[in-house]
Amino acid sequence: MDTFKISELAKEFDITTRSIRFYEDSGLLNPRRKGNTRIYNGRDRIRLKLILRGKRLGFSLADIKELFELYDTDQSTEQLQYMIQLIEQKQATLQQQAHDINAVMMELSAAKLRCETTLKSIKGDSVN
């Protein structure tokens, strides 16, 4: 089984060792210890990857922890339905954000075009 040092994971995911220790303190990671050395396994590495992806997508650490806990327990019908509900809520939020981003991008493109048109007009007037 692959094992990793905290410095290896920090380098791989381009984060600080302090961040990894924070996730550990938050109960999201649970490395083995050998003296003062933390030894992370493949499961910890995957969890770290999921934590970082979840954060990028706007999940709070509490949301991520809750999803991990639901996944780690015996998955009852209620738990799975709750997990689906959380996922659907996040999907709806992300879809709205994508819509908002597209609207802002269109507005920025229009503003840029107006600026470029005005700039050409100003340069054309100064030539005459």
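On a predicted model such as this, the values are computed, not experimentally measured, just so you know.

Rules of the game
- Residues numbered from 1 in each chain as written.
- Predicted model: local features only at pLDDT ≥ 70, side-chain atom pairs only at ≥ 80, totals over all residues.
- Heavy atoms only, no water.
- Helix = DSSP H or I, 4+ residues; strand = E, 2+ residues; numbered from the N terminus.
- Rg over C-alpha atoms; globule rule 2.2 N^0.38 Å.
- Contact = heavy atoms within 4.5 Å.
- Areas by Shrake-Rupley, 256 points an atom, 1.4 Å probe, with all protein chains shown as cover.
- Axes fitted to C-alpha atoms, helices over the stretch in contact; angles between N-to-C directions.
- Parallel < 35°, antiparallel > 145°, perpendicular 65-115°, else oblique.
- Nonpolar A, V, L, I, M, F, W, Y, C, P; charged D, E, K, R; others polar.

Engineer: What exactly am I supposed to notice about the overall build of the protein chain here?
Structural biologist: If you tally the helices and strands in the protein chain, you get five helices and three strands. Its helices and strands in sequence order give the protein chain the pattern β-α-α-β-β-α-α-α, from N to C terminus. Taking 14 Å as the expected radius of gyration for a compact globule of 128 residues, we find that the protein chain reaches 23 Å, considerably beyond that expectation. Partitioning the intrachain contacts of the protein chain with sequence separation of at least 6 by distance along the chain shows that 49% fall at a separation of at least 24. Within the structure as shown, the protein chain displays about 9,800 Å² of accessible surface, and the carbon and sulfur contribution to it stands at 54%.

Engineer: Explain the packing of helix α1 (residues 6-13) against helix α2 (residues 17-25) to me, please; I cannot follow it from the model alone.
Structural biologist: In a pair of packed helices, the angle between the axes and the distance between the axes together describe the arrangement. Relative to each other, α1 and α2 sit at 110°, their axes nearing to 9 Å. Taken together, the axis directions place α1 and α2 in an arrangement best described as roughly perpendicular. Facing α1, whose interface residues are Ile6, Ser7, Leu9 and Ala10, α2 presents Thr17, Ile20 and Arg21. Of the residues assigned to the contact of α1 with α2, the class counts are four nonpolar, two polar and one charged.

Taken by themselves, the reported measurements are silent on function.
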